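# Report on the structure
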Amino acid sequence: MLTAGLLVFHRTVPNSVGHLGSLLEAFLPWLGLAVVPLFGLALLRRSVIALVALLLPVAAWTYLFGGLIMSAAKPGTYDRQGLVVVQHNVSDENADPAGTARTLADAEPDLIALQELVPTALPVYKKTLARQYPYHAIRGTVGLWSKHPLTGVRSVDIKPSGIVEEWSRGLRAEVRTPHGVIAAYVAHLPSVRFRASGFATSWRDESASLLGEAIAAEQLESVILLGDLNGTVDDRGLAPLTSQLDVAEGSFAFTFPAAFPVGRIDQVMARSATVSNMRTLPATGSDHLPVSAQLTMD
């Protein structure tokens, strides 16, 4: 009953102490694994009541995540009438930026959003992607490559007040696509950390609020957000974004850590558009997996 309650009513878990609510929501799908040892104990005790009670967390998990399993079993194909986009944190320690760029370009997306671009690797990304993606914009450590013209490029200030050093992780550009003009935002929110005081998300949450304010003030109707948001779509810390943008449907598409992904913290979200067919791409030299998705204009 407790497992079922945490699944269904995870928003009621307070964040006032150690951000426990956000911690739970970061790993919410994995809470279903609690059913396995509980099932073993029920068999050991030969308790019919316990076995019946297990239907509660099973039903709760299936209600929340069962549809993602079904969709992942039969992945859809991309409709080229829409836009295909790729989001990837390439890692500032990536030893193979050229190979990473080729992997992303092989998916043939219309847009590629990158984070953790460092000065030594940036020329490699520019050179490798130049032929297929003649338009690009770089602000700080984030960038956007496009098959379609980019205009109105500017930085987006999402820097938390507690960071005093130079820090630029947000950009906005207008993408002039065959389906109309779209405001594209690329962002890299601060990392979260496990500390003695609990789950440290304050900088991430403040940055998400700033980004949410920028998107709320966006004059263009169609908006897409591509970014390493350092949070899952269930995490209440991203509520300033998920409350006004549609999230990707149809797949877990866990992206981090690349060696054994336990959550999707690389996101594609949109306004006045539907995001679907979210899937991971082959591993690169990064500690994140890239994701691609379909964007269909409403």
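Residues numbered from 1 in each chain as written. Predicted model: local features only at pLDDT ≥ 70, side-chain atom pairs only at ≥ 80, totals over all residues. Heavy atoms only, no water.

### Considering the sheet that holds strand β2 (residues 111-115)
Overall, mixed pairing links the six strands, which are arranged β3-β4-β2-β1-β14-β13 in an open sheet. With partners counted over all chains shown, the strands left at the sheet margins are β3 (135-139) and β13 (273-280), one partner each. Direction aside, neighbouring strands of the sheet carry axes that sit 15° apart on average. Both strand β1 (residues 83-89) and β2 contribute to a ladder of five bridges, which runs parallel. Residue pairing in the sheet places Val-85 in a bridge with Leu-111 of β2. On top of the sheet, helix α7 (residues 122-129) reaches β2, β3 and β4 (142-146); it is set at about 10° to β4, its chief contact. (Pairing = 2+ DSSP bridges. Helix = DSSP H or I, 4+ residues; strand = E, 2+ residues; numbered from the N terminus. Axes fitted to C-alpha atoms, helices over the stretch in contact; angles between N-to-C directions. Contact = heavy atoms within 4.5 Å.)

### Re the side chain of Asn-94
Inspection of the secondary structure assignment puts Asn-94 in the loop between β1 and α6 (97-106). Among the polar contacts made by the side chain of Asn-94, one reaches the side chain of Thr-100 at a distance of 2.9 Å. Non-local contacts of Asn-94, meaning those with residues more than four positions away in its chain, are made with Thr-100, Tyr-125, Thr-284, Gly-285 and Ser-286. (Polar contact = N/O pair within 3.5 Å; in protein donor to acceptor, adjacent residues only side chain to side chain.)

### Some thoughts on the nonpolar core
Core analysis: the biggest nonpolar cluster contains 26 residues, and Leu-144, Ile-224, Val-268 and Leu-295 have the highest contact counts within it. Contacts of Val-268, omitting those with residues within four sequence positions, involve Val-85, Gln-87, Ile-224, Leu-225, Leu-226, Asp-246, Val-247, Ala-248, Val-275, Met-278 and Ala-293. Core analysis: the second largest hydrophobic core is formed by 18 residues, Val-156, Ala-208, Leu-225 and Leu-245 among them. (Core = buried A, V, L, I, M, F, W, Y, C linked by side-chain atoms within 4.5 Å. Buried < 20%, exposed > 50% of the residue type's maximum accessible area, 1.4 Å probe, protein only.)

### Focus: the packing of α6 against α7
Where α6 contacts α7, the axes come no closer than 9 Å and their chain directions differ by 40°. As for how α6 packs across α7, the hand of that crossing is right-handed. Counting all contacts with α6, which are made through Pro-97, Ala-98, Thr-100, Ala-101, Arg-102 and Ala-105, the residues of α7 involved are Val-124, Tyr-125, Thr-128 and Leu-129. Partitioning the contact of α6 with α7 into residue classes produces seven nonpolar, two polar and one charged. (Left-handed = near helix turned anticlockwise from the far one by under 90°. Nonpolar A, V, L, I, M, F, W, Y, C, P; charged D, E, K, R; others polar.)

### Considerations on α7
Because an α-helix completes one turn every 3.6 residues, residues spaced three or four positions apart along the sequence face the same direction. Of the residues making up α7, those classed as buried are Leu-122, Tyr-125 and Leu-129. Considered in projection along α7, the buried side chains sweep an arc of 65° and stay on one side of the axis. Against the buried residues of α7 lie α6, β2, β3 and β4. (Arc of directions from axis to C-beta.)

### What to know about the sheet that holds strand β7 (residues 180-188)
Strand-to-strand pairing in sheets goes through backbone hydrogen bonds, with the strands running parallel or antiparallel. What the six strands build is an open sheet, ordered β5-β6-β7-β10-β12-β11; its pairing is mixed. Taken across any chain shown, the strands that pair with only one partner, and hence form the sheet edges, are β5 (150-155) and β11 (246-247). Across four bridges, β5 lies against strand β6 (residues 170-177) in antiparallel orientation. Bridged to Leu-150 within β6 is Val-175.

### So, the pattern of salt bridges
In total, this model carries seven salt bridges according to the counting rule given. Between Arg-11 and Glu-25 there is a salt bridge, with its nearest N and O atoms 3.6 Å apart. With Arg-11 in the loop between α1 (2-8) and α2 (20-26) and Glu-25 in helix α2, this pair connects stretches of sequence that are 14 residues apart. For Glu-25, a relative accessible area of 0% corresponds to the buried category. Between Arg-236 and Glu-25 there is a salt bridge; the shortest N-O distance is 2.8 Å. One end of the pair, Arg-236, is in the loop between β10 (223-228) and α9 (239-242); the other, Glu-25, is in helix α2, and 211 residues separate them in sequence. Via salt bridges that share partners, Arg-172, Glu-174, Arg-176 and Glu-218 belong to a single interconnected network. (Salt bridge = Lys/Arg side-chain N within 4 Å of Asp/Glu carboxyl O.)

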